[in-house]
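# Residue-level structure breakdown
Single-letter residue listing:
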2 protein chains.
Amino acid sequence: MPQTQATWQPPISGDPEQACPIAPVVDIVFSRWTTPILWALHTYGRQRFVELERRLTTITPKVLTQRLRQLERDGLVARTYHPEVPPRVEYEITELGSSLAPLFAHLAEWASTHLEQVERSRHAYDTDRATGAAETATAVRRAGPA
Amino acid sequence: MPQTQATWQPPISGDPEQACPIAPVVDIVFSRWTTPILWALHTYGRQRFVELERRLTTITPKVLTQRLRQLERDGLVARTYHPEVPPRVEYEITELGSSLAPLFAHLAEWASTHLEQVERSRHAYDTDRATGAAETATAVRRAGPA
DNA sequence: CAGAATCCTATAGGATACTG
DNA sequence: CAGTATCCTATAGGATTCTG
C-alpha cells in the first residue's frame, strides 16, 4: 500500500533519558531553589540553616529543608549536627558538589552575555503576536538570525 | 544590649535572583523537556515536529508544542512554516541556542563522571536511614568526604 | 502533518502555626 | 535554632480527542 507522503521513519531511539545525556542532571541540580542554595554554600562557605534562610530571602523553612535533604541525599551537600542548646546545624558543599563549580561559572558567564538577547527576543515575539504579524505567502521563518 | 548567642546578621542580600546569577537561566533552559529538545535539535539538526515527537518517545504533542513555543519566544529555536498540504513545519536551533552547546557538553561530561557517585550517595543515605544510623554523642556529620 | 481543545493529576512550592 | 506539621494553590505535564 503506497503512502502518499510520509516516508516511514524508524522509532529513532528507545529512551529519551538516554537520548539526552544531561536529562538526569537536570533533576539533580536544576530546580527553583537548588542552584541558589548550592551557589550560596559555594560562595559563602559553610553556614547554618538560618543563614541560608536569610540569604535566600523568600524561601520558606519547609522548602529549604526539603531541598537541603535532597542535596544531602545526592551527596552534594553535607550536614553537620552539633547537639547543643540551642541546636546548631551547619551545611557545607561537598567535594562532589564543588565539582559543579566550573559549570556554574560557565552558566553565570552565559547569563551575563546572553540573557539580554533572550529578553529582546521575548519582547520581539510578544509585540509580533500582539500586532498580528502578517503571515505572508511562502515559508515563514520566525525568530532572529539562525 | 548583649545578645546571648545570635550575633546580629545583616539582611545579607535583597534579591535571591540577583544573589544567584544562574537562577534566571534555569527557567529558560532547564525543565523536564527543554534540554532533550535542544539536545535533539543540536545533535540531529533541523527537523520537523513529528520527528522530534518520535525522538522524544514519551512526550505528548501538547507539551512539545508548549516547550517549542517557549524556546521560540526565548530565541533559542526557530520555527519555519511551509504552507503546503499537509503542512510542514521545521524547527532548528538558533545561534543563540547553539551558544549553549559548550555548556551542554560540560554537563554531559559531568554526568558521565559523577552520576555514579550520586547514585552511590543516594543508596548510602537510604540504607543509613533504613537501618536507623546511630546518632552518637558529639557532632554528627553526614554524607561522604568533603 | 501540526497542532488546538479539553480534562485531569501529581507535585513543587508557598503560607501559617507549632515544637524539641 | 532548626526544623515539623498542615493546609493550600498554581502549574507542569499527561491522556485523549478533534481539526485545518
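Residues numbered from 1 in each chain as written. Chains lettered and ligands numbered in written order. Predicted model: local features only at pLDDT ≥ 70, side-chain atom pairs only at ≥ 80, totals over all residues. Heavy atoms only, no water.

Looking at an unreviewed UniProt entry, chain A carries the name Transcriptional regulator, HxlR family, with the source organism given as Micromonospora citrea.

### Structural notes on the overall build of chain A
Each helix and strand in chain A was counted, giving seven helices and four strands. Going residue by residue from the N terminus, the α and β elements of chain A occur as α-α-α-β-α-α-β-β-α-α-β. When each of the 146 residues of chain A is scored for burial, the buried share is 39%. Of the contacts made within chain A by residues no fewer than 6 positions apart, 44% connect residues no fewer than 24 positions apart. Here chain A has roughly 8000 Å² of accessible surface; of this, 55% comes from carbon and sulfur atoms. (Helix = DSSP H or I, 4+ residues; strand = E, 2+ residues; numbered from the N terminus. Buried < 20%, exposed > 50% of the residue type's maximum accessible area, 1.4 Å probe, protein only. Contact = heavy atoms within 4.5 Å. Areas by Shrake-Rupley, 256 points an atom, 1.4 Å probe, with all protein chains shown as cover.)

### Some remarks on the packing of helix α5 (residues 61–73) of chain A against helix α7 (residues 101–130) of chain B
Two elements in contact, α5(A) and α7(B), have axes whose closest approach is 8 Å; the angle formed by their N-to-C orientations is 110°. In terms of their interaxial angle, α5(A) and α7(B) are classed as roughly perpendicular. Contacts from Arg69(A), Glu72(A) and Arg73(A) of α5(A) reach α7(B) at Ser121(B), Arg122(B), Tyr125(B) and Asp126(B). (Axes fitted to C-alpha atoms, helices over the stretch in contact; angles between N-to-C directions. Parallel < 35°, antiparallel > 145°, perpendicular 65-115°, else oblique.)

### Regarding the packing of aromatic side chains
By the definition in use, this model includes one aromatic pair over all chains. Where Phe30(A) meets Phe30(B), the ring centres are 3.8 Å apart and the plane angle is 0°; that geometry is what we call stacked. Of this pair, Phe30(A) sits in the loop between α2 (23–29) and α3 (34–44) while Phe30(B) sits in the loop between α2 (23–29) and α3 (34–44), which puts the two residues in different chains. Overall, the relative accessible area of 7% leaves Phe30(A) in the buried class. Between the NZ or CZ atom of Arg55(B) and the centre of the ring of Tyr44(B), over which it lies, the distance is 3.9 Å. Between Arg129(B) and the ring centre of Tyr125(B), over which it is positioned, the NZ or CZ distance is 4.3 Å. (Phe/Tyr/Trp six-rings, centres within 6.5 Å; stacked < 30°, edge-to-face > 60°. Lys NZ or Arg CZ within 6 Å of the ring centre and 35° of its normal.)

### Some thoughts on the sheet that holds strand β2 (residues 77–82) of chain A
Pairing is antiparallel across the open sheet formed by four strands, whose spatial order is β1(A)-β3(A)-β2(A)-β4(B). Two strands in the sheet have a free side with no partner beyond their single neighbour: β1 (47–48) of chain A together with β4 (140–141) of chain B. Across six bridges, β2(A) lies against strand β3 (residues 88–93) of chain A in antiparallel orientation. Among the inter-strand pairings, His82(A) is bridged to a residue of β3(A), identified as Arg88(A). Against the sheet, α5(A) contacts β2 and β3 of chain A, and its axis sits at roughly 110° relative to β2(A). (Pairing = 2+ DSSP bridges.)

### Considerations on the protein's contact with DNA strand D
If you check the shell around DNA strand D, you find 20 residues, and the closest are Arg79(A), Tyr91(A), Arg32(B), Lys62(B) and Arg67(B). Put simply, 69% of the atoms of DNA strand D that lie within 4 Å of the protein are in sugar or phosphate. Here a phosphate oxygen of DNA strand D sits 3.4 Å away from a polar atom, N or O, in the side chain of Arg69(A). Within the side chain of Trp33(B), a nitrogen or oxygen atom sits 2.9 Å from a phosphate oxygen of DNA strand D. Elements with a contribution of two residues or more to the surface near DNA strand D: α4 (49–55), α5 and β3 of chain A together with α5 (61–73) of chain B. In terms of residue count, the dominant contributor to the surface near DNA strand D is α5(A) (four residues). Of the residues in the surface near DNA strand D, the class split is 10 nonpolar, two polar and eight charged. (Near = heavy atom within 4 Å. Polar contact = N/O pair within 3.5 Å; in protein donor to acceptor, adjacent residues only side chain to side chain. Nonpolar A, V, L, I, M, F, W, Y, C, P; charged D, E, K, R; others polar.)

### Notes on α3(B)
Residues and elements named next belong to chain B. Burial analysis of α3 places eight of its 11 residues in the buried class, the great majority of the element. Buried within α3 we find Thr34, Thr35, Pro36, Ile37, Leu38, Trp39, Ala40 and Leu41. Two residues or fewer after α3 comes Gly45, characterised by a positive phi angle close to 75°.

### Brief notes about the protein's contact with DNA strand C
In the vicinity of DNA strand C, 20 residues are found, and the nearest of them are Arg32(A), Lys62(A), Arg67(A), Arg79(B) and Tyr91(B). In the model, a sugar or linking oxygen of DNA strand C is placed 3.5 Å from a nitrogen or oxygen of the Pro87(B) main chain. Side-chain polar atom of Tyr91(B) to a phosphate oxygen of DNA strand C: 2.5 Å apart, as the coordinates give it. Counting only elements with at least two residues in the surface near DNA strand C, the list comes to α5 of chain A together with α4 (49–55), α5 and β3 (88–93) of chain B. Grouping the amino acids of the surface near DNA strand C by side-chain chemistry returns nine nonpolar, three polar and eight charged.

### Observations regarding the relation of the copies chain B and chain A
One copy of the chain maps onto the second through a rotation around an axis plus a translation along that axis. Of the transformation superimposing chain B on chain A, the axial component is 0.0 Å and the angular component is 180°, with the fit at an RMSD of 0.0 Å. The two molecules are tied by a two-fold rotation axis, judged by turn and shift. Every residue of chain B has its C-alpha some distance from the rotation axis, and the shortest such distance is that of Phe30(B), at 3.3 Å. In this assembly, 99% of the residues forming the interface of chain B have copies in chain A that are likewise at the interface, indicating an isologous arrangement. (Least-squares fit on C-alpha atoms with pLDDT ≥ 70 in both.)

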